[in-house]
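Below, each chain spelled out in residue letters.
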Amino acid sequence: MVETPSWYKNIAKLSPLAYKVTQLSGTEEAFSSELYTNKRDGIYTCVVCNSSLFSSKHKYLSGTGWPSFYQTIDDTSVATNVDRKYGLTRTEVHCEKCKAHLGHVFDDGPRPTYLRYCINGVALRFVEN
């Protein structure tokens, strides 16, 4: 028998919007997240499993309306796959541990990576240092 992960119970506690985004690959409205303009030092974790995903050191204001980062906290925190919804080809970003949908990554970000992880704020929890 496969054991249920400890974080699985957190899915039932998500807000309707957080559920739509993380479990159904939805998106939040641009500029709606308080994390978009957050400038405090800390770590952004997955709202479902609490895995560390992004550092405030790598966050920047992209002008897109969603929290944006130019790199992940480490090489194993997120995974990607091709998203061909809506007639577009994009790279979806999800939490490596629980597979929660986070957003998308684009190659129009700043140096040094030139990446823009465009992440739904509702998929994140901010933990201040």
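- As recorded by an unreviewed UniProt entry, the protein chain carries the name Peptide-methionine (R)-S-oxide reductase and is attributed to Philodina roseola.
- UniProt, in the comment section headed Function (unreviewed entry), describes the protein chain in these words: "Methionine-sulfoxide reductase that specifically reduces methionine (R)-sulfoxide back to methionine. While in many cases methionine oxidation is the result of random oxidation following oxidative stress, methionine oxidation is also a post-translational modification that takes place on specific residues."
- Among the UniProt annotations of the protein chain, the heading Catalytic activity (unreviewed entry) holds the following wording: "L-methionyl-[protein] + [thioredoxin]-disulfide + H2O = L-methionyl-(R)-S-oxide-[protein] + [thioredoxin]-dithiol".

1. Considering the side chain of N10
- With respect to the secondary-structure elements, N10 resides in the segment before α1 (16-24).
- In this structure N10 comes out as buried when scored by relative accessible area, which is 17%.
- With near-sequence residues (within four places) excluded, N10 lies in contact with V48 and N50.

2. Things to note about the sheet that holds strand β9 (residues 124-128)
- Spatially, β2-β1-β9 is the arrangement adopted by the three strands of the open sheet, whose pairing is antiparallel. Two strands close off the open sheet at either side, each with one partner strand: β2 (52-55) and β9. Strand-to-strand twist in this sheet, taken as the mean axis angle between neighbours without regard to direction, amounts to 30°.
- The sheet contact formed by strand β1 (residues 42-46) and β2 spans three bridges and is antiparallel. By the bridge assignment, T45 is partnered in β2 with S52.

3. Thoughts on the environment of E28
- For E28, the position within the fold is in the loop between α1 and β1.
- C-alpha of E28 to C-alpha of G103: the two residues are 75 residues apart in sequence and 9.7 Å apart in space.
- When sequence neighbours within four positions are dropped, the list of residues in contact with E28 reads L17, V21, S33, W66, P67, I119, N120, G121 and V122.
- Among the polar contacts listed, one links the side chain of E28 to the backbone nitrogen of V122, at a separation of 3.0 Å.

4. Some words on the pairing of β1
- Across the five residues that make up β1, a large majority, four, are buried.
- Summarising the sheet, β1 and β9 pair through five bridges and their orientation is antiparallel. Counterpart to G42 in the pairing with β9 is E128.
- Here β1 folds back onto β2, and the loop between the two strands holds five residues, one of which, N50, carries a positive phi near 70°.

The rules behind these values
Residues numbered from 1 in each chain as written. Predicted model: local features only at pLDDT ≥ 70, side-chain atom pairs only at ≥ 80, totals over all residues. Heavy atoms only, no water. UniProt positions renumbered as here; feature names shortened; annotations may be inferred. Helix = DSSP H or I, 4+ residues; strand = E, 2+ residues; numbered from the N terminus. Buried < 20%, exposed > 50% of the residue type's maximum accessible area, 1.4 Å probe, protein only. Contact = heavy atoms within 4.5 Å. Pairing = 2+ DSSP bridges. Axes fitted to C-alpha atoms, helices over the stretch in contact; angles between N-to-C directions. Polar contact = N/O pair within 3.5 Å; in protein donor to acceptor, adjacent residues only side chain to side chain.

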